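Structural description and commentary
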2 protein chains.
Amino acid sequence: MHVQYTWLFGWFGEERERDVKINVICPATETHIRKYTKQSQVVVRETPELYREVVSAYIAAFPPSRTQWVENILNGLSEQSKILYSDKAFLILPDMKWDLKTISSLYLVAIVQDRSIRSLRDLQKSHLPLLNAIRTRAIGVASDKWGVGEDSLRLYVHYQPSYYHFHVHVVNANYEGGILGMMVGQAHLLDDIISLLETDASEGDGVLQRMTLTYSLGSHHALLREIQKHKGKST
Amino acid sequence: MHVQYTWLFGWFGEERERDVKINVICPATETHIRKYTKQSQVVVRETPELYREVVSAYIAAFPPSRTQWVENILNGLSEQSKILYSDKAFLILPDMKWDLKTISSLYLVAIVQDRSIRSLRDLQKSHLPLLNAIRTRAIGVASDKWGVGEDSLRLYVHYQPSYYHFHVHVVNANYEGGILGMMVGQAHLLDDIISLLETDASEGDGVLQRMTLTYSLGSHHALLREIQKHKGKST
């Protein structure tokens, strides 16, 4: 069944900015319900070992049905009229959450074609040309179409992301909705990632493979259960 | 004149959680007013060169009167009854914003004695024992006194900070107030900093001296004016 996303605006009075935005997801899966249910946050310190032993298997087992919509966009089967930029390496389109009108909440997403980059953890020095190209093109699109330049844009990557196909969020720096997605630990600035890779002096594994990454997961997150099971085994 | 900080709670009905918290700062300086006035955010990419040429001078010229309150705490002249942990290297006390009761908004701060660490930019591998000790003690205090363990704590550092004397924020991972202070770019997880320093393979300048740091400043921030003046000169 095809999941539909839409939104509605509401006003509590006339001649004013809208007061509420209601997001509708139908039919909502268990995963959607978990994602939007208030959960307590549990902080995880993901060492390279924990990534290898638990997280990479979780990512490999991620149901392809949950990223089919990304495949459809990348393969030209859906959302084609919305695409703002496209080349062999990646494409840029408005995020589902953005209404394409309210500049202060401008929200685009860049999705790469290379399926081998599942997340931040896979990024290496060799990806620098791709990351720099995304940066340049995303700023170009936001600037040309909406007059929002690089001084007003925050570009970032989620870890853990909601789907394991590398993508970059491109958001007005003044946007204050959905701020949880911009929280330290959950969000990593593309500029910081580029700088870390550029200045990485190591041979072999890169900085993003060697680092311990710290982030929080909702207490009902499926990955958290796997991590806790693993901890139970090893202690 | 001594600045007073206090807060008040308000209820819109009986037998319920409080609805509002009002922070009072008196007398409020121009800097306080700027800090709490809504400003548009301007994204700055601080290269090592920009740090050397502009930011370090801004930090050096920061009025000592604005950190006198920190000196008073470190030298045992004020807030001594509030101190939760203290040794030769640093002390831990509740943040001014925390009421010491509401566990879900637990907020402590660790302040180091070493005045040579002005900010994140000064941190090197040699500071790892200090950073690890802060981590261990802060988690110990929050856990022993309030039952909030390391799985429920976010420890982070601001860049730019509001005062240039190295300190670490220790906050309940479920805290959602003042979320701007936890935003990617403004906040850097202590765990990430420790991991970056531990895995840094370079000789000479460390990763935090080599990196470009990206963050936003309010459009009225004094540092932003200096940066824009410098850019005007060099183009």
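Residues numbered from 1 in each chain as written. Chains lettered and ligands numbered in written order. Predicted model: local features only at pLDDT ≥ 70, side-chain atom pairs only at ≥ 80, totals over all residues. Heavy atoms only, no water.

Residue and element names in this part refer to chain B. When you tally the buried positions in strand 7 (residues 153–158), you get six out of six residues, the bulk of the element. With burial as the criterion, each face of strand 7 is covered, one bearing Leu153, Leu155 and Val157 and the other bearing Arg154, Tyr156 and His158. Bridging between strand 7 and strand 8 (residues 167–172) involves four bridges; their strand directions are antiparallel. Across the sheet, the residue bridging to Leu153 is Asn172, located in strand 8. (Buried < 20%, exposed > 50% of the residue type's maximum accessible area, 1.4 Å probe, protein only. Helix = DSSP H or I, 4+ residues; strand = E, 2+ residues; numbered from the N terminus. Pairing = 2+ DSSP bridges.)

All names here are of chain A. If you trace the six strands from one edge of the open sheet to the other, you get 4-5-6-8-7-9, paired in antiparallel fashion. The sheet is open, and its two edges are formed by strand 4 (85–86) and strand 9 (187–189), each paired on a single side. Running over the sheet, helix 4 (residues 128–146) touches strand 4, strand 5 (90–94), strand 6 (107–112), strand 7 (153–158) and strand 8 (167–172) and is turned about 35° from strand 5. (Contact = heavy atoms within 4.5 Å. Axes fitted to C-alpha atoms, helices over the stretch in contact; angles between N-to-C directions.)

Our next topic: empty space enclosed by the protein. Applying the stated criterion across every chain, the model contains five cavities of 30 Å³ or more. Roughly 290 Å³ of volume is contained in the largest cavity. His188(A), Asp192(A), His188(B), Asp192(B) and Leu196(B) are, among the 22 residues lining the largest cavity, the residues nearest its centre. Every element with two or more residues in the lining of the largest cavity is listed here: strand 9 and helix 5 (190–199) of chain A together with strand 9 (187–189) and helix 5 (190–199) of chain B. When grouped by side-chain class, the residues that make up the lining of the largest cavity number 16 nonpolar, four polar and two charged. Approximately 60 Å³ is the volume attributed to the second largest cavity. In terms of lining residues, the second largest cavity is bounded by Leu196(A), Thr199(A), Asp200(A), Val207(A), Arg210(A), Leu196(B), Asp200(B), Val207(B) and Arg210(B). Looking at the lining of the second largest cavity, its residues break down into four nonpolar, one polar and four charged. (1 Å grid on protein atoms, 1.4 Å probe; cavity = no way out; pocket = protein on both sides within 12 Å on 5 of 7 lines; lining within 4 Å. Points joined across faces, edges and corners; volume = space filled by probe spheres on them. Nonpolar A, V, L, I, M, F, W, Y, C, P; charged D, E, K, R; others polar.)

Residues and elements named next belong to chain A. The omega torsion across Cys26 and Pro27 is -5°, close enough to zero to call that bond cis. By secondary structure assignment, the location of Pro27 is in the loop between strand 2 (20–26) and helix 1 (30–36). One non-glycine residue, Glu79, lies in positive phi territory at about 60°. Considering the arrangement of structural elements, one finds Glu79 in the loop between helix 3 (68–74) and strand 4.

When you tally the buried positions in helix 5 of chain B, you get nine out of 10 residues, the bulk of the element. Within helix 5 of chain B the residues assigned to the buried category are Leu190(B), Asp191(B), Asp192(B), Ile193(B), Ile194(B), Ser195(B), Leu196(B), Leu197(B) and Thr199(B).

All names here are of chain A. Segmenting chain A into domains produces domain 1 (1–37) and domain 2 (38–234). One C-alpha centre belongs to domain 1, the other to domain 2; they are set 23 Å apart. Of the residues lining the interface, 10 residues belong to domain 1; the matching set on domain 2 comes to 10 residues. Summed over both partners, the interface of domain 1 with domain 2 comes to about 940 Å²; 50% of that surface belongs to carbon and sulfur atoms. Considering only the surface of domain 1 that becomes buried against domain 2, Trp7, Arg34 and Thr37 emerge as the three largest contributors, covering 49% of it. Put simply, domain 1 and domain 2 have zero salt bridges between them. (Domains from an automatic or database assignment. Buried area = accessible area lost by both parts, 1.4 Å probe. Salt bridge = Lys/Arg side-chain N within 4 Å of Asp/Glu carboxyl O.)

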